[in-house]
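Summary of structural features
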Amino acid sequence: MILYLASGSPRRAELLQQIAVPFTVLPPPSIDETPRAAEVPVSYVRRMAREKALVGRECMPVPGAVLGADTAVVMEGRILGKPADDAEALAILTQLSGQSHQVVSAVCVCLEDRHAVRHTVTTVQFRALESARLEAYVATGEGRDKAGSYGIQGLGGALVESLSGSYSAVVGLPLEQTVALLEWADIPYWQID
């Protein structure tokens, strides 16, 4: 069965490649990513992953399965999205400095007539960082397209003191949940001969 990735994220593609899953990338789905009134972060992220997979299903050139995913950085119950500009990125990172936050990541696999969603919550503790260090990180541009304004897999890894949970989920695709869904959909990943 063909697996389609409904995401423009190179990080998600790299994580699927890491576990040797053959897949084809679909154009990133265009959906309204506005949280609903009183929607809690876990529900929001699960809904986004599902909607991305369902929209991706409409774009498949031939039948297969579609994987959609979403990740949100959450602090004190509030979703911290992608920064609009460098000033907002600095404000977000200043808020995260010396504090812990959660990264909620969900994945959905959608088949022709059914779908399944899994999620995980990882706690990330940031180091206490001086303004000059945060400004230097923002100037790299690495966090401009990322939830919470940082990328743990790159230079942003130096901002993190510790994490409890799934590293791959913080990068953008929770591999444990992804593998469980691949097995559910009977989609192969690395194989032992």
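Below: a short report on this structure.

Considering the arrangement of structural elements, one finds isoleucine 152 in the loop between helix H4 (131–140) and strand S7 (160–164). Spatially, the C-alpha atoms of isoleucine 152 and glutamate 142 are 10.0 Å apart, while their sequence positions differ by 10 residues. If near-sequence neighbours (up to four positions away) are discounted, isoleucine 152 is found in contact with Gly157, Val160, Leu163, Tyr167, Val170 and Val171.

Residues other than glycine seldom take positive phi values, yet glutamate 76 does so here, at roughly 55°. One can find glutamate 76 in the loop between strand S3 (65–75) and strand S4 (78–80). Positioned with a positive phi, serine 149 is a non-glycine residue whose angle comes to about 70°. Residue position: serine 149 is located in the loop between H4 and S7.

Residue position: threonine 120 is located in strand S6 (residues 115–126). Dropping the residues within four chain positions of it, threonine 120 is found in contact with Val103, Val104, Ser105, Ser166, Ala169, Pro174 and Gln177.

Bringing the pattern of salt bridges into the picture now. Scanning all chains against the criterion turns up 9 salt bridges. Between arginine 47 and glutamate 51 there is a salt bridge, and its shortest N-O distance comes to 3.1 Å. Separated by 4 residues within a single helix, arginine 47 and glutamate 51 lie in helix H2 (residues 41–57), roughly one turn from each other. Taking the shortest distance from any N to any O, the salt bridge between aspartate 86 and arginine 144 comes out at 2.8 Å. In this pair, aspartate 86 sits in helix H3 (residues 86–96) while arginine 144 sits in the loop between H4 and S7, placing the two residues 58 residues apart along the sequence. Residue class for aspartate 86 comes out partly exposed when judged on its relative accessible area of 31%. By relative accessible area, which is 46% here, arginine 144 ends up partly exposed. Through salt bridges that share partners, Arg36, Glu39, Arg47 and Glu51 make up one connected network.

Moving on, we get to the packing of aromatic side chains. Scanning the model with the defined rule gives 2 aromatic pairs in all. Look at phenylalanine 126 and tyrosine 150: their rings are 4.9 Å apart centre to centre, the planes differ by 70°, and that puts the pair in the edge-to-face class. Separated by 24 residues along the polypeptide, phenylalanine 126 in strand S6 and tyrosine 150 in the loop between H4 and S7 bring together distant segments of the chain. Grouping residues by exposure puts phenylalanine 126 and tyrosine 150 together as buried. Here the aromatic rings of tyrosine 189 and tryptophan 190 are separated by 5.8 Å at their centres, their planes lie at 80°, and the arrangement is edge-to-face. The class for tyrosine 189 is buried, based on a relative accessible area of 17%. Look at tryptophan 190 and you get partly exposed, because its relative accessible area is 48%. Cation over ring: arginine 114 sits above tryptophan 184, and NZ or CZ is 4.6 Å from the ring centre.

Thresholds, definitions, all that
- Residues numbered from 1 in each chain as written.
- Predicted model: local features only at pLDDT ≥ 70, side-chain atom pairs only at ≥ 80, totals over all residues.
- Heavy atoms only, no water.
- Helix = DSSP H or I, 4+ residues; strand = E, 2+ residues; numbered from the N terminus.
- Contact = heavy atoms within 4.5 Å.
- Salt bridge = Lys/Arg side-chain N within 4 Å of Asp/Glu carboxyl O.
- Buried < 20%, exposed > 50% of the residue type's maximum accessible area, 1.4 Å probe, protein only.
- Phe/Tyr/Trp six-rings, centres within 6.5 Å; stacked < 30°, edge-to-face > 60°.
- Lys NZ or Arg CZ within 6 Å of the ring centre and 35° of its normal.

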